[in-house]
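This is what each chain is made of:
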Amino acid sequence: MSELLRIENLSAGYGEAVVLHDVAFALGEGQTLALLGRNGTGKTTLINTLAGATRQHGGTIALGGQALHKLAPHQRAAAGIGWVPQERNIFKSLTVHENLTAVERPGKWNPQRVYEMFPRLAERKTNLGTQLSGGEQQMLAVGRALVLNPKLLLLDEPLEGLAPIIVEELLRAIRRITQDEGLAAIIVEQHPQAILAISDHAVVLDHGTIVHTDSAAALRSQPQALERLLGVAR
Ligand SMILES: Nc1ncnc2c1ncn2[C@@H]1O[C@H](COP(=O)(O)OP(=O)(O)OP(=O)(O)O)[C@@H](O)[C@H]1O
Ligand SMILES: [Mg+2]
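The structure presented is a predicted model; accordingly, all values stated were derived computationally and were not measured. (Residues numbered from 1 in each chain as written. Chains lettered and ligands numbered in written order. Predicted model: local features only at pLDDT ≥ 70, side-chain atom pairs only at ≥ 80, totals over all residues. Heavy atoms only, no water.)

Caption draft 1: Structural view of the coordination of the magnesium ion (ligand 2). Surrounding the magnesium ion (ligand 2) are the protein donor atoms Thr44 (OG1) and Gln86 (OE1), which sit 1.9 to 2.3 Å from the metal. One end of the pair, Thr44, is in helix α1 (residues 43–51); the other, Gln86, is in the loop between β6 (81–84) and α3 (96–103), and 42 residues separate them in sequence. For Thr44, a relative accessible area of 22% corresponds to the partly exposed category. Classification of Gln86 by relative accessible area gives partly exposed; the value is 25%. (Donors = N, O, S within 2.8 Å, 3.2 Å for Na, K, Ca; no water. Helix = DSSP H or I, 4+ residues; strand = E, 2+ residues; numbered from the N terminus. Buried < 20%, exposed > 50% of the residue type's maximum accessible area, 1.4 Å probe, protein only.)

Okay, here's the thing in structure tokens:
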């Protein structure tokens, strides 16, 4: 398996404040990484640093051999970063369809395939972003990242605050995108069981550093480690 992403000696934060310290890991093509950690441990800061939305203080980020850390945020999208931020960045004044076509780039993911995956969005094609439920907004945010035809999908707490039935729909879609379609992804979650079940690898952050790295399956089967690292028993 060839390598897609390599992060080395990464430190980053906001202004002078350094939040991430000496973060390093690698991810292969088509692999899924669960990025875990309690509140405020730096998960979003790491995702945003990959997308170019923080101040990087040191280290390197390579995507498919390209030095991502030297690029501006819009160049990183063109280089293959599909970013779904924690706050779901859809254009609220545009329709569902316009949200997708505004950012679409050539490749196997197009609005039609997004609608096949999320039939709820197909029904809401002409609705404005403001008229969508939280779950529909999240589906649209994922769809917008997909139609960029990225090499790496970044999902920051995609299940947060959603009803159980929507969580199931999103999990099915994420499984299809990553496992069936083979798109590499980093998925942030605080409640790890569902995400560990569909991930290959797991990284746990605490105070902005990596405190645990393992296969997702191994971490999932260690309740004591989950309790110690995340404060959850299962
Ligand atoms: N815009 C910002 N400016 C300054 N400090 C920030 C900013 N955003 C986050 N921080 C700080 O960085 C640290 C890590 O925050 P971050 O949002 O990355 O954590 P997180 O693991 O994503 O948390 P959560 O689970 O609550 O989403 C925290 O101490 C937070 O206060
Ligand atoms: Mg966060």
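Caption draft 2: Looking closely at the nonpolar core. Membership of the largest hydrophobic core comes to 48 residues, with the highest contact counts inside it found for Phe118, Leu153 and Leu219. If one sorts the elements of this core by residue count, helix α7 (residues 164–180) sits on top with seven residues. Every residue in contact with Leu219, bar those within four places of it in the chain, is listed here: Leu36, Leu196, Ala202, Val204, His212, Asp214, Ala225, Leu226 and Leu229. Grouped together as the second largest cluster of nonpolar side chains are 27 residues, Leu50, Leu71, Val203 and Leu205 included. (Core = buried A, V, L, I, M, F, W, Y, C linked by side-chain atoms within 4.5 Å. Contact = heavy atoms within 4.5 Å.)

Caption draft 3: A look at the site of ligand 1. The environment of ligand 1 is formed by 13 residues, the closest being Gly40, Lys43, Thr44, Thr45 and Gln190. In this structure, an oxygen atom belonging to ligand 1 sits 2.8 Å away from a main-chain N or O atom of Gly40. Contact distances for ligand 1 include 2.7 Å between an oxygen atom and a side-chain N or O atom of Lys43. In the complex, the protein chains occlude 57% of the 630 Å² of accessible area that ligand 1 would expose alone. (Near = heavy atom within 4 Å. Polar contact = N/O pair within 3.5 Å; in protein donor to acceptor, adjacent residues only side chain to side chain. Areas by Shrake-Rupley, 256 points an atom, 1.4 Å probe, with all protein chains shown as cover.)

Caption draft 4: Quick look at the sheet that holds strand β4 (residues 55–63). The sheet built from four strands is open, its strands ordered β2-β1-β4-β5 with antiparallel pairing. Every interior strand has two partners, whereas the edge strands, β2 (17–28) and β5 (66–67), have only one. (Pairing = 2+ DSSP bridges.)

Caption draft 5: Main features of α7. Between the first and last C-alpha of α7 there are 23 Å, a value that for 17 residues agrees with the 24 Å anticipated at 1.5 Å per step. When we look at burial in α7, the residues that qualify are Ile166, Val167, Glu169, Leu170, Leu171, Ala173, Ile174, Ile177 and Thr178. A positive backbone phi angle near 75 degrees is found at Gly182, which sits one or two residues after α7. (Expected span 1.5 Å × (residues − 1).)

Caption draft 6: Fine view of the packing of aromatic side chains. Summed over all chains, the structure comprises zero aromatic pairs. Taking NZ or CZ as reference, Arg113 lies 4.3 Å from the ring centre of Trp109, over its face. Positioned above the aromatic ring of Phe91, the side-chain terminus of Arg144 is 4.4 Å from the ring centre. (Phe/Tyr/Trp six-rings, centres within 6.5 Å; stacked < 30°, edge-to-face > 60°. Lys NZ or Arg CZ within 6 Å of the ring centre and 35° of its normal.)

Caption draft 7: Examining the packing of helix α6 (residues 134–146) against α7 more closely. The N-to-C vectors of α6 and α7 enclose an angle of 10 degrees; their axes lie 10 Å apart at closest approach. On the basis of their axis angle, the class for α6 and α7 is roughly parallel. Listed contacts from α7 to Gly135, Gln138, Met139, Val142 and Leu146 of α6 are Ile166, Glu169, Leu170 and Ile177. Looking at the contact of α6 with α7 residue by residue, the class counts come to six nonpolar, two polar and one charged. (Axes fitted to C-alpha atoms, helices over the stretch in contact; angles between N-to-C directions. Parallel < 35°, antiparallel > 145°, perpendicular 65-115°, else oblique. Nonpolar A, V, L, I, M, F, W, Y, C, P; charged D, E, K, R; others polar.)

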